Amino acid sequence: PVPCYQHPLTGAFAIAMSPGSAPCLLLLALIVGYAAYSWMVYMRLRPTFLQMKWAASQRPEGTEEEVQDVLSALRQSGVSPIQVTDVPEWSLASLLAKADADGDTTHIVEDFDERLGWHSLFQQIRGQGAAADDLLGTWQFFFRDYVNEEELSAMALKRGAFTPVRLRGATTLEISRPQLLGGNPSATLCDRFLLMGVLPAEIMWRGYLASDDELGNRSLIWQDTSARLGFGRFCQTIERPAAAEKLRQQPWRVEGFVDRARNAGGAGGPPVLALCRQGIGTLAFRRSLL
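Residues numbered from 1 in each chain as written. Predicted model: local features only at pLDDT ≥ 70, side-chain atom pairs only at ≥ 80, totals over all residues. Heavy atoms only, no water.

**Remarks on the overall build of the protein chain**
Next, step 1: Of regular secondary structure, the protein chain possesses 8 helices and 10 strands.
Next, step 2: Across the 290 residues of the protein chain, 41% fall into the buried class.
Next, step 3: Expressed as a percentage of contacts within the protein chain between residues at least 6 apart in sequence, the contacts between residues at least 24 apart total 62%.
Next, step 4: When the accessible surface of the protein chain is split by element, carbon and sulfur atoms take 58% of a total near 16,400 Å². (Helix = DSSP H or I, 4+ residues; strand = E, 2+ residues; numbered from the N terminus. Buried < 20%, exposed > 50% of the residue type's maximum accessible area, 1.4 Å probe, protein only. Contact = heavy atoms within 4.5 Å. Areas by Shrake-Rupley, 256 points an atom, 1.4 Å probe, with all protein chains shown as cover.)

**Description of the environment of alanine 161**
Next, step 1: Mapped onto the elements of the fold, alanine 161 is located in the loop between α7 (149-158) and β2 (165-167).
Next, step 2: The buried category is assigned to alanine 161, whose relative accessible area is 2%.
Next, step 3: Those residues in contact with alanine 161 that sit more than four places away from it in its chain are Tyr34, Tyr37, Ser38, Val41, Tyr42 and Ala156.

**Digging into the pairing of strand β8 (residues 252-258)**
Regular strands show a simple pattern: their side chains alternate between the two faces of the sheet.
Next, step 1: With 6 of its 7 residues buried, β8 lies for the most part within the structure.
Next, step 2: Where strand β6 (residues 218-229) and β8 come together, 2 bridges link them in antiparallel fashion. Paired with serine 219 across the bridge in β8 is arginine 253.
Next, step 3: Bridge count for β8 against strand β9 (residues 272-277) is 6 bridges, and the pairing is antiparallel. Paired with phenylalanine 257 across the strands is leucine 273, a residue of β9. (Pairing = 2+ DSSP bridges.)

**Some remarks on the side chain of glutamate 151**
Next, step 1: Tracing the backbone shows glutamate 151 in helix α7.
Next, step 2: Here glutamate 151 falls in the buried class, since its relative accessible area comes to 4%.
Next, step 3: A distance of 2.7 Å separates polar atoms of two side chains, one belonging to glutamate 151 and the other to arginine 144.
Next, step 4: What glutamate 151 contacts, discounting residues up to four positions off in sequence, is Met52, Ile108, Arg144 and Tyr146. (Polar contact = N/O pair within 3.5 Å; in protein donor to acceptor, adjacent residues only side chain to side chain.)

**So, the side chain of threonine 172**
Next, step 1: Mapped onto the fold, threonine 172 is located in strand β3 (residues 172-176).
Next, step 2: For threonine 172, the side chain forms a polar contact with the side chain of glutamine 140, separated by 3.4 Å.
Next, step 3: Non-local contacts of threonine 172, meaning those with residues more than four positions away in its chain, are made with Thr138, Trp139, Gln140, Thr188, Leu189 and Cys190.

**Observations regarding the packing of aromatic side chains**
What describes a pair of aromatic rings is the distance from one ring centre to the other and the angle between the planes of the rings.
Next, step 1: Tallying each qualifying case throughout the model produces 7 aromatic pairs.
Next, step 2: Centre to centre, the rings of tryptophan 118 and phenylalanine 143 are 5.1 Å apart; their planes meet at 10°, and the pair counts as stacked. Placement of tryptophan 118 in helix α5 (residues 112-125) and of phenylalanine 143 in strand β1 (residues 137-144) is noted, with a sequence separation of 25 residues between them.
Next, step 3: The buried category is assigned to tryptophan 118, whose relative accessible area is 1%.
Next, step 4: With a relative accessible area of 1%, phenylalanine 143 lands in the buried category. (Phe/Tyr/Trp six-rings, centres within 6.5 Å; stacked < 30°, edge-to-face > 60°.)

**A word on helix α2 (residues 22-56)**
Next, step 1: Taking 1.5 Å per residue, 35 residues should reach 51 Å; α2 reaches 49 Å between its end C-alpha atoms and fits that length.
Next, step 2: At arginine 46, α2 shows its maximal kink, close to 40°; a proline, proline 47, follows between one and four residues later.
Next, step 3: Every buried residue of α2 is listed here: Ser38, Val41, Tyr42, Leu45, Phe49, Leu50, Gln51, Met52, Trp54, Ala55 and Ala56. (Expected span 1.5 Å × (residues − 1). Bend = angle between axes of the 7 residues up to and from the residue.)

**A look at a nonpolar patch on the surface**
Next, step 1: Where nonpolar side chains cluster on the molecular surface, the patch consists of Tyr34, Tyr37, Trp39, Met40, Met43, Phe162, Met196, Val198, Leu199 and Phe231 and spans about 1,000 Å² of accessible area.
Next, step 2: Broken down by element, the nonpolar patch gets its largest block of residues, 5 residues, from α2.
Next, step 3: Summarising the element assignment, methionine 43 is placed in helix α2.
Next, step 4: What makes methionine 43 partly exposed here is its relative accessible area of 42%. (Patch = residues over 30% accessible without salt bridge, like charges linked within 9 Å, V, L, I, M, F, W, Y side chains within 5 Å. Salt bridge = Lys/Arg side-chain N within 4 Å of Asp/Glu carboxyl O.)

In structure tokens form, the structure reads like this:
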């Protein structure tokens, strides 16, 4: 007998439609549906994300090229940039309270005016520095004035969409007393996240707090980095991963420190530390409440 030719796709479809393949079809439908939902979430978030980048381009480290790139992306998306006229007045206490009320451990600020409020705060304390004793302790990441795809992924994740990197909580900065008399305080920065939503990952930066000059200006100098991937005994450590090494090259300058007494309006609240990554932007860390 002459064999009957069957197109590969037709054959695959016939197998998929067989009675025993119903669970596979259901799984396939769920995957396709979730992918479509995730795509829709990213598309709906894009205007907000671009406005966040527009606000970020107004920071001191923002370049003309960055401004033009953001304006071009806004035009292509059919979105008009929010006009920056009067910078809204936000006290530090209100910024911290707003973040606590949101309950977002990644501290992604989506509101345009709120971002400008942080910019204004950074301008007020820029260049003030801080005493070394004021910096000792544990600090939690709270805000940064630059924006990249990490913010977009975190925003999408909050809305249930897929993201390849899932932040597990705020980045932690630990500054400890020097081990030797006359030495520099040690510093450790730890960032934890999940790869593909399941694989634990941790990146560590290790260095010290240095005095830059006689005036007491200080910077965090990063000397070493490492990454850990996996669970328990199956955890793998990678020394000096390329991505982390690239980020550690420039020191983080201590821009200013807002303690409880100077908290705007005399309102109580944990101290906030502003650190500037040279050529990138400024980050805010709040003293750990634990």
